[in-house]
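# Observations on the model geometry
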Amino acid sequence: MQLTDNKIEEIENDAFVGLYGLNSLSLCGNHISQVKKETFKGMPALEKLNLNNNKISLIDSSTFQLLRGLKYLYLGSNKLSNIPSDIFTKVPYVVHLDMSNNGIDSLPPDLFKSLKLTFLDLKQNKFRILEKGTIPFAPELQNLDLNNNEITDIKPGAFDGIKTLWTLNLSNNKLNHIALDAFNGGTEIVTLDLSNNTITDVDPTIFDKIPELQQLNIERNKLDLKVLETIYVKFPNPEQFV
């Protein structure tokens, strides 16, 4: 069901009651500012919910508890900053979560532990320092997008709880130095994007500690040419980075 770009400001409780077979609902591009406890009551088969491009600043912690089969949830381009710690406890099958382009600078530590999350989009938020627990434990996470935040530093242990991670995007941040132990724990990372930062200092051997790494983009930083040449020997063709 597509209800996009309709200037909807509020959804009454029970508005969707009776839509038992509905598996996809898009409310993208409206003017919704809050989502209440029983907003999505009556849609037990729903697998995909798109709330992108609204004005949502408040979501009740019980909002999604009746959507037990939910797999794809889009909350991007809203005004979220504080996420209730128990908001996802009743939707264990969510694999794809978009919370991009909000005002989020931190997340509750147990936010994702009950999910089968494989894709997490947190680009265009307000994260500043990555350390252990900044990204909550997600046992099956494979793709993490932190593009265009305000990240200045990666502390040791930042990726300790994300051992299944394959793709990590840290482009368009404010990194100027990458410590030798920055990616400890991220042993399965295959694709790493560090482009468009202000990195002036990195030891090329840091990438030897990521044994599965195949694609590295470190373009448009401030690295010495000799450092870049050393990196490109092992990771050529950054222009083909996807």
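Report follows, based on the coordinates. Just so it is clear, the model here is predicted, and its values are computed rather than measured. (Residues numbered from 1 in each chain as written. Predicted model: local features only at pLDDT ≥ 70, side-chain atom pairs only at ≥ 80, totals over all residues. Heavy atoms only, no water.)

The next subject is the overall build of the chain. Counting its secondary structure elements, the chain contains one helix and 15 strands. Computed over its C-alpha atoms, the radius of gyration of the chain comes to 20 Å, within 12% of the 18 Å expected for a compact globule of 242 residues. When the backbone C-alpha atoms are referred to their principal axes, the chain occupies close to 65 × 30 × 30 Å. The 242 residues of the chain split such that 45% are buried. (Helix = DSSP H or I, 4+ residues; strand = E, 2+ residues; numbered from the N terminus. Rg over C-alpha atoms; globule rule 2.2 N^0.38 Å. Buried < 20%, exposed > 50% of the residue type's maximum accessible area, 1.4 Å probe, protein only.)

Next up on the list: the environment of Asp 153. As for its placement among the helices and strands, Asp 153 is situated in strand E10 (residues 153–154). Along the chain, Asp 153 and Ile 56 lie 97 residues apart, while their C-alpha atoms are 29 Å from each other. In contact with Asp 153, not counting residues within four places along its chain, are Arg 128, Ile 129, Leu 130 and Leu 175. Side-chain polar atoms of Asp 153 contact the side chain of Lys 155, separated by 3.0 Å. (Contact = heavy atoms within 4.5 Å. Polar contact = N/O pair within 3.5 Å; in protein donor to acceptor, adjacent residues only side chain to side chain.)

What follows concerns the sheet that holds strand E1 (residues 24–26). Two modes of strand pairing occur in sheets, parallel and antiparallel, and in both the strands are linked by backbone hydrogen bonds. Overall, parallel pairing links the nine strands, which are arranged E1-E3-E5-E6-E7-E9-E11-E13-E15 in an open sheet. Edge positions in the sheet fall to E1 and strand E15 (215–217), since each of these pairs with one other strand and no more. When strand polarity is set aside, the average angle formed by the axes of neighbouring strands in this sheet is 0 degrees. Alignment of strand E13 (residues 191–193) against E15, held across three bridges, turns out to be parallel. Its bridge partner being in E15, Asp 193 is matched across the sheet by Asn 217. (Pairing = 2+ DSSP bridges. Axes fitted to C-alpha atoms, helices over the stretch in contact; angles between N-to-C directions.)

Judged by nonpolar contacts, the single largest core of 70 residues is most densely connected at Phe 40, Phe 64, Phe 112, Phe 183 and Phe 207. The leading source of residues in this core is helix H1 (residues 225–234), at three residues. With sequence-adjacent residues up to four places away left out, Phe 207 is seen in contact with Leu 192, Leu 194, Val 202, Leu 213, Leu 216, Ile 218, Ile 231 and Phe 235. (Core = buried A, V, L, I, M, F, W, Y, C linked by side-chain atoms within 4.5 Å.)

Looking at the secondary structure, you find Asn 102 in the loop between strand E6 (96–98) and strand E7 (119–121). For Asn 102, a relative accessible area of 7% gives the class buried. In terms of polar contacts, Asn 102 uses its side chain to reach the backbone carbonyl oxygen of Leu 75, at 3.1 Å. When near neighbours in sequence (up to four residues on either side) are disregarded, Asn 102 contacts Leu 75, Gly 76, Ser 77, Asn 78, Lys 79, Leu 80, Gln 124 and Asn 125.

Glancing now at the packing of aromatic side chains. The geometry of an aromatic ring pair comes down to the distance between the two centres and the angle between the two planes. Evaluated as defined, the whole model comprises six aromatic pairs. Note on Phe 16 and Phe 40: the rings are 6.2 Å apart at their centroids and 15 degrees apart in plane angle, and the pair reads as stacked. Residue Phe 16 is located in the segment before E1, and its partner Phe 40 is located in the loop between strand E2 (34–35) and strand E3 (48–50); the two are separated by 24 residues in the primary sequence. In this pair, the class of Phe 16 matches that of Phe 40, namely buried. (Phe/Tyr/Trp six-rings, centres within 6.5 Å; stacked < 30°, edge-to-face > 60°.)

Summed over all chains, the structure comprises one cavity of 30 Å³ or more. Looking at the largest cavity, its volume works out to about 30 Å³. When its residues are assigned to classes, the lining of the largest cavity shows seven nonpolar, no polar and no charged. (1 Å grid on protein atoms, 1.4 Å probe; cavity = no way out; pocket = protein on both sides within 12 Å on 5 of 7 lines; lining within 4 Å. Points joined across faces, edges and corners; volume = space filled by probe spheres on them. Nonpolar A, V, L, I, M, F, W, Y, C, P; charged D, E, K, R; others polar.)

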